Amino acid sequence: MSQHFIAYTVIHQPRRLRLPARPIPAGASPEDIARCLFDEEMNQRYLEQVAQKCYQPATAMFQDMVENGFKLGLGMSLSFLRQAEQWDPELLASIRKLVAHPNVEMIAVEPYHSFLFYVDIRRFVERMTWVRDELERRLGKRPRVSDTTEMFMANDIYFALRAAGYEGAVLDGREWVLQWREPTYLYHYRQRPYLLCRHFRLSDDVGYRFSNRGWEGWPLRADTYAHWVREAQGDFVFVGWDYETFGEHHWQDTGIFEFARRLPEELRACGMEFATPGEAIDLYQERAHHLPLPEFPTTWAGSGGVEFFLSNGAQQAVFQLMHHAYNKALLTGQPALIDLAMWLLQSDNLHLIQWFGRLGQEAEVSAYFTPREWWELGPVGIVTEIQNVYKQFIRALDAAI
Amino acid sequence: MEAWDLIRGETAADLLPRLPPEETEFLILCFEGPDSYSRVGGLGARVTELCRALAESGYQTHLVFIGDPMLPEREVSLEGRLCLHRRCGWISRYYPGGVYEGEEAKVADYRAEVPGYALAEIIRPAVAAGRRVVVMAEEWQTAAVACDLSDTLYHAGLRRRTLMLWNANSAIGFDRLDWPRLRTTQAITTVSRWMKHLMWEWGCNAIVIPNGIPARLLHPAPRVERLARALRQQIPARPLLVKVARWDPDKRWHMAVEAVAGLRKRGVPALLIARGGNGDHGADVLRNARAAGLRIAEVEGEAADPAAVVEALVAAAPEADLLNVQFCLSEAALQVFYRAADGVLANSGREPFGLVGLEAMAAGGVVYTGATGEDYARPFDNAVVLETDDPREITAAALELLAHPEQAECLRREARETAARYTWDRVLPLLLRRLRYLAMVEGWEQ
């Protein structure tokens, strides 16, 4: 039976592209290029919508929970942070307050929610080092544990996080990675960072299946779930959820907030204790087990491999353009343009077109996240215009070289 | 008493929707406008004068255009009735070459920005003040914007408080338009019957509302007449032809040049004053002129003072058959040329309306028009209407008028009378009549 319940949740809002693609004036400043690339009006609109449905009530809920002894690992992308700073300072204040609570541990997330680790591993190390300082500066807490975009983990990413100085990292506890092992123990590959494996099934019971009336576990009650957690064999259960699980993926009327508020009490009733990811490392590092890490990465998205992001021709084309955009920006040597290229590496730009030419649950998830305004362009129009954004950017940099 | 009598006179007029200035605002969407950055040709002149005429008639009028990025975003004149809204300034700063440089970027930005801007800054306040808004969008660049604005207004519950018209001043960009959407959301208008027929090909029956000219063109300053006389006296015994048009094959520059060469070949020492502006076609035209034996002189100078312009032309004339004017000509300088010339060659092959021809007629010029959109031109009554692209047709007409100066005088007189029927204060009532019909179709109450 597991002893500790470790909850981790991550907040992210993409910096959505402006579709249809805008021509970029030759010689445009980085600010004006950004204006052409990103649809900030749309980003503000979505932030405000999600804040109302999710961020505000969920933050209030987590605040109450941690004040009553619950512990939480909290990550957030810089993409979200800059939106909250720009458009919802009140929300940011409430999140700052939550982060300040001793029962909340700040987890360092790859700041751009990007595939930078694919394109430039050295800069990935530099950015992961930078974000630790940046989060401390902005939110007052220095992270010890790291997460990457979409919880990507692979052999090289592990060593990059080690180079960035992290004590711990998270990965999705997929069977193809763990093989005969359970996700309920602490692992390592080369001593540090220690590895916390997200309990894929128990996490998705809440994050993914909670409101699915066709699921045999529906309706999921807090006492039932607490029982499942307690019954898991091992030292602890580490669950990871999108913050948007609460109120956005599962609307308020599904009972998700009542479920979450009830959960700590039910877990305690089962004899469970709470720990943050960092505390779990302190508690269990003496008996951490070796976990061989795969060379192909694992992710918490889709079926657990990179195919969720690179399975169709449209995604592969954008992935190529991401490389070209980044490389071209490097050639300019201008930090502001390189910064824009890193924003263009956002994994969301691949995630949002996973549905292209595909059917099934994963495609439905992908289509759910595609901005509804884009559908006016039609499926082919969406993938074409996303590519055009990258092409415009690459061409616009001619003037900067 | 018959029922008919009951609705005669004012009673009948009361059955139509009214568009009084105190209850109506106009919003014009156009790329071109009054700034020199924004004026390329007839469209700039059209919207500038149309807006001014509406405002002078008492209507609150807004022009949303691609303005000079160095000028204020908003500028009010005519006691607050005319408001210029300069948009896309951040893009225009990268394109100092004028309104159409960086056109695609401007089209995208204008489309993205203007519907929301127009709703928030113009239409919503107007409706809140109890007024209705007539939206007139010009040319292909604004077609999608007009459609988007229609949707925006619909969602805001304000569509029925607006009349929306999209006007074609030329056929440029027709292949890019979403015609079904445009037809659904806008009343489609154009400037001539030729354009109307052309637009049948695109499945729409446009309403013709002609272009206008400012009334002041009929009453040029006294020094215009004086300078025109001076120009004639200082270039004696040489038939003077003038052509002001873009360097564009549609403007039939080659025809004009070859006509001058034809006159010279017949011993008539004609002189062509040419103002072509920008465009690659200009090089072809000048090469052709030289090959036809014409001597070309480039005329540099300042546009501001018409007397200086005349002086520069006179100085260059003895050694030239074609004076290539290298600077923009002011309205006064143009009036001098139109008045002084033996012929103004507005001989376009395809002309949606022919504003230059009408402006020249207002100055009492002998105008050679093409035979497409110039509804105002009547052959050898108020103008020379060219039916072919054969330069000999110009040569023949010029020789005839040189031989019969009294005919030329008749043409000049009729031309001015015709132009007087196309001043904006004469065109506006027609526009308002069309709008009342459209308002009735929209279900506006009187």
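Here the structure is a predicted model, which means the values were calculated and not measured.

Draft legend 1. The domain arrangement of chain A, seen in detail. Residue and element names in this part refer to chain A. Here the domain parsing of chain A yields domain 1 (4–290) and domain 2 (307–400). Counting residues at the interface gives 41 residues for domain 1, matched by 40 residues for domain 2. Here domain 1 and domain 2 share an interface that buries about 3,600 Å² over both sides, 69% of which is from carbon and sulfur atoms. Where domain 1 meets domain 2, there are 1 salt bridge. Note that R45 and E373 form a salt bridge whose closest N and O atoms lie 2.8 Å from each other. Between domain 1 and domain 2 we count 16 residue pairs in polar contact (both at pLDDT 80 or more) in total. Broken down by secondary-structure element, the contributors of at least two residues to the side of domain 1 that touches domain 2 are α1 (30–37), α2 (40–67), α3 (78–87), α5 (116–119) and α6 (121–139).

Draft legend 2. Fine view of the pairing of strand β7 (residues 187–190) of chain B. All names here are of chain B. A two-sided burial pattern is seen for β7, the buried positions comprising A187 and T189 on one face and I188 and T190 on the other. Note: strand β6 (residues 162–168) against β7, 4 bridges, orientation parallel. The residue of β7 that forms the bridge with L165 is A187. You can see the chain leave β6, run along helix α7 (residues 179–185) and come back into β7, and the turn it takes is right-handed. Handedness of the β-α-β unit built from β7, helix α8 (residues 193–200) and strand β8 (residues 207–208) comes out right-handed.

Draft legend 3. Representation of unusual backbone geometry in the model. Residues and elements named next belong to chain A. Cis geometry is found at the peptide bond from L19 to P20, where omega equals -5 degrees. Looking at where P20 falls in the secondary structure, it is placed in the loop between β1 (4–11) and α1. Following W218, the chain continues to P219 via a peptide bond in cis, the omega torsion being -5 degrees. Examined against the element boundaries, P219 turns out to sit in the loop between α9 (200–207) and α10 (222–231). The phi angle at H113 is positive, at roughly 55 degrees, despite the residue not being glycine. Looking at where H113 falls in the secondary structure, it is placed in the loop between β3 (104–109) and α5.

Draft legend 4. Fine view of the packing of aromatic side chains. Residue and element names in this part refer to chain A. Per the stated rule, a full pass over the model turns up 44 aromatic pairs over all chains. For the ring pair Y158 and Y189, a centre distance of 5.6 Å and an interplane angle of 90 degrees mean the geometry is edge-to-face. In this pair, Y158 sits in helix α7 (residues 155–163) while Y189 sits in the loop between β6 (187–188) and β7 (194–198), placing the two residues 31 residues apart along the sequence. Here the two residues Y158 and Y189 agree in accessibility, since each one is buried.

Draft legend 5. Molecular detail of the layout of surface pockets. In this model, the second largest pocket occupies a volume close to 1,800 Å³. Going through the elements one at a time, α2 and α18 (378–396) of chain A together with α5 (103–128), α6 (143–155) and α7 of chain B are the ones with two or more residues in the lining of the second largest pocket. Looking at the lining of the second largest pocket element by element, the count peaks at 9 residues for α5(B). Across the lining of the second largest pocket, the residue classes break down as 17 nonpolar, 5 polar and 18 charged.

Draft legend 6. Seen up close, the interface of chain B and chain A. Listed as interface residues are 9 residues of chain B and, on the opposing side, 11 residues of chain A. If you look at where chain B meets chain A, you find 1 salt bridge. Put simply, R22(A) and D109(B) hold a salt bridge, and the shortest N to O gap is 2.9 Å. At the junction of chain B with chain A, the criterion picks out 4 residue pairs in polar contact (both at pLDDT 80 or more). Broken down by element, the residue count for the side of chain B that touches chain A peaks at 5 residues, all from α5(B).

Draft legend 7. The pairing of strand β1 (residues 24–29) of chain B, seen in detail. All names here are of chain B. Most of β1 is tucked away, with 6 of its 6 residues classed as buried. Burial along β1 is two-sided: T24, F26 and I28 facing one way and E25, L27 and L29 facing the other are all buried. The pairing of β1 with strand β5 (residues 132–138) spans 6 bridges and is parallel. Residue pairing for β5: E25 is matched across the bridge by V133. Pairing between β1 and strand β2 (residues 60–65): 5 bridges, direction parallel.

Draft legend 8. View of the domain arrangement of chain B. Residues and elements named next belong to chain B. Splitting chain B by domain gives domain 1 (3–212 + 424–442) and domain 2 (216–420). With centres defined by C-alpha atoms, the gap from domain 1 to domain 2 works out at 32 Å. Summing both sides of the interface, domain 1 and domain 2 together bury roughly 1,100 Å²; the carbon and sulfur share of this comes to 60%. For the pair domain 1 and domain 2, the interface holds 1 salt bridge. A salt bridge links R216 to E49, with the nearest nitrogen and oxygen atoms 2.8 Å apart. Where domain 1 meets domain 2, there are 4 residue pairs in polar contact (both at pLDDT 80 or more).

Draft legend 9. Examining a nonpolar patch on the surface more closely. Residues L16(B), Y437(B), M440(B) and V441(B) make up a contiguous nonpolar surface patch of about 380 Å² in total accessible area. Looking at the secondary structure, you find V441(B) in helix α17 (residues 424–442).

Draft legend 10. Examining α2(A) more closely. Residues and elements named next belong to chain A. With 28 residues, α2 extends just 35 Å between its outermost C-alpha atoms, more than 12% less than the 40 Å of an ideal straight helix rising 1.5 Å per residue. The sharpest bend along α2 reaches about 60 degrees and sits at A51. Positioned one or two residues after α2, G69 has a phi angle of 105 degrees, which is positive.

Draft legend 11. Seen up close, the environment of D172(A). Residue and element names in this part refer to chain A. Tracing the backbone through its elements, the reader meets D172 in strand β5 (residues 168–172). Taking the C-alpha atoms as reference points, D172 and W251, separated by 79 residues in sequence, lie 25 Å from one another. In contact with D172, other than residues within four places in its own chain, are M151, R198, F200, T298, T299 and W300. For D172, the side chain forms a polar contact with the side chain of R198, separated by 2.4 Å.

Draft legend 12. Representation of the sheet that holds strand β11 (residues 296–299) of chain B in the model. Residue and element names in this part refer to chain B. In space, the 7 strands of this open sheet follow the order β11-β12-β10-β9-β13-β14-β15, with parallel pairing throughout. Only two strands of the sheet have a single neighbouring strand rather than two, namely β11 and β15 (384–385). Sheet topology note: the strand β14 (residues 367–369)/β15 ladder contains 2 bridges and is parallel. Note that in β15 the partner of T369 across the bridge is V385. Running over the sheet, helix α11 (residues 281–291) touches β11 and β12 (322–325) and is turned about 140 degrees from β11.

Draft legend 13. Quick look at α6(A). Between its first and last C-alpha, α6(A) extends 26 Å over 19 residues, near the 27 Å set by a 1.5 Å rise per residue. Two residues or fewer after α6(A) comes G140(A), characterised by a positive phi angle close to 85 degrees.

Draft legend 14. Inspection of the sheet that holds β7(B) at higher detail. All names here are of chain B. Here we have 8 strands laid out as an open sheet, ordered β3-β4-β2-β1-β5-β6-β7-β8, and mixed in their pairing. The open sheet terminates on both sides in strands that have one partner only, identified here as β3 (74–77) and β8. Together, β6, β7 and β8 form the strand contacts of α8, whose direction differs from that of β7 by roughly 130 degrees.

Calculation rules
Residues numbered from 1 in each chain as written. Chains lettered and ligands numbered in written order. Predicted model: local features only at pLDDT ≥ 70, side-chain atom pairs only at ≥ 80, totals over all residues. Heavy atoms only, no water. Domains from an automatic or database assignment. Contact = heavy atoms within 4.5 Å. Buried area = accessible area lost by both parts, 1.4 Å probe. Salt bridge = Lys/Arg side-chain N within 4 Å of Asp/Glu carboxyl O. Polar contact = N/O pair within 3.5 Å; in protein donor to acceptor, adjacent residues only side chain to side chain. Helix = DSSP H or I, 4+ residues; strand = E, 2+ residues; numbered from the N terminus. Buried < 20%, exposed > 50% of the residue type's maximum accessible area, 1.4 Å probe, protein only. Pairing = 2+ DSSP bridges. Right-handed = clockwise from strand over helix to strand, strands pointing away. Phe/Tyr/Trp six-rings, centres within 6.5 Å; stacked < 30°, edge-to-face > 60°. 1 Å grid on protein atoms, 1.4 Å probe; cavity = no way out; pocket = protein on both sides within 12 Å on 5 of 7 lines; lining within 4 Å. Points joined across faces, edges and corners; volume = space filled by probe spheres on them. Nonpolar A, V, L, I, M, F, W, Y, C, P; charged D, E, K, R; others polar. Patch = residues over 30% accessible without salt bridge, like charges linked within 9 Å, V, L, I, M, F, W, Y side chains within 5 Å. Areas by Shrake-Rupley, 256 points an atom, 1.4 Å probe, with all protein chains shown as cover. Expected span 1.5 Å × (residues − 1). Bend = angle between axes of the 7 residues up to and from the residue. Axes fitted to C-alpha atoms, helices over the stretch in contact; angles between N-to-C directions.

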